[in-house]
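# Fold and contact review
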Amino acid sequence: MTGAPPAFPRVVVLTGAGISADSGVPTFRDAGGLWEGHRVEDVATPEGYERDPVAVLRFYDDRRRGAASAVPNAAHRALARLEGALGDHLLVVTQNVDDLHERAGSRNLVHMHGELRRALCVSCGARPEWEGDLEDRPRCPECGERMLRPDVVWFGELPYDLDRIENAVVACDVFVSIGTSGAVYPAAGYVALAAAFRARTVELNLEPSDAVVPFDDARAGRASEIVPIWVDEVLSGGWTPSR
Ligand code: APR
């Protein structure tokens, strides 16, 4: 005997910097490859940190303060609304290190590139929640060493929760990519994986991205405008999840 089909499809939403752009958080690649005026190699690689740890810690302290003063926009809120209806049939996988999804109400959420609001102890591996600055080299609350860095995944490092994400992507009925350029793997490869497993794929982005496979449904516009519209369509039954 087979079980009844689920009332709601399983949905995986991948988000990138574009969803937080309308909250005033700068994206990575929209300003000539510079991130807030810094070369990515200087502030987002282990080598850059080794060369100048204080500059890197200061850079993320600034980003942490910037994210704390930003507020979730209508796109973050719409995804929280969708989770209210789909429950654990919705997984949001974000590449963003800000906490705007959780402040909007999302709970079933994976930060694959880490979080500004956590530190990572290079000495003992602890990942304590962190709200203050790291530039003045505070002690790790676990081991007492002054070896804390931001808990963000840099180029050359392994993203978090890859098994959980891949299992969700191959099992989902709908895969949605929001506000990401599709330039960074493994996240950029998830649309092809989802499509190979017969998911319907949707892109909601300011402009069509450089995705490896075409999306079934691609919509261009600001996330804060087009995400709530798509979510309303899904919740009203006006959008069909089948391919
Ligand atoms: N609404 C929707 N999309 C937007 C908006 C907006 N208001 N503004 C910009 N975008 C789109 C851009 O067109 C672009 O396709 O968001 C995307 C942002 O791309 P990136 O800056 O490359 O950010 P992202 O894809 O999240 O980067 C991935 O790269 O540097 C690493 O680890 C970092 O997580 C980051 C990863």
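What counts and how
- Residues numbered from 1 in each chain as written.
- Predicted model: local features only at pLDDT ≥ 70, side-chain atom pairs only at ≥ 80, totals over all residues.
- Heavy atoms only, no water.
- Buried < 20%, exposed > 50% of the residue type's maximum accessible area, 1.4 Å probe, protein only.
- Helix = DSSP H or I, 4+ residues; strand = E, 2+ residues; numbered from the N terminus.
- Arc of directions from axis to C-beta.
- Contact = heavy atoms within 4.5 Å.
- Domains from an automatic or database assignment.
- Salt bridge = Lys/Arg side-chain N within 4 Å of Asp/Glu carboxyl O.
- Polar contact = N/O pair within 3.5 Å; in protein donor to acceptor, adjacent residues only side chain to side chain.

### Remarks on helix α7 (residues 162-171)
For an α-helix, 3.6 residues make a turn, and residues three or four places apart therefore share a direction. Buried within α7 we find Leu162, Ile165 and Val169. For α7, the buried positions fall inside an angular range of 65° around the axis, keeping them on one side. Seen from the open side of α7, the exposed residues pointing more than 90 degrees away from its buried face are Asp163 and Asn167.

### Examining the environment of alanine 187
The topology assignment puts alanine 187 in the loop between β8 (174-178) and α8 (190-196). Beyond its immediate chain neighbours, meaning those up to four positions away, alanine 187 contacts Leu14, Gln95 and Met112.

### Things to note about the domain arrangement of the protein chain
When cut into domains, the protein chain gives domain 1 (1-25 + 72-113 + 160-243) and domain 2 (27-69 + 116-152). Each of domain 1 and domain 2 has a C-alpha centre, and these two points are 27 Å apart. On the side of domain 2, 10 residues touch domain 1, which itself brings 14 residues to the contact. Linking domain 1 with domain 2 are 1 salt bridge. The partner of aspartate 99 in a salt bridge is arginine 117, and the shortest N-O contact between them spans 2.9 Å. At the boundary of domain 1 with domain 2, the tally comes to 5 residue pairs in polar contact (both at pLDDT 80 or more). Broken down by secondary-structure element, the contributors of at least two residues to the side of domain 1 that touches domain 2 are α1 (17-21) and α6 (100-104). At 3 residues, α1 tops the list of elements feeding residues into the side of domain 1 that touches domain 2.

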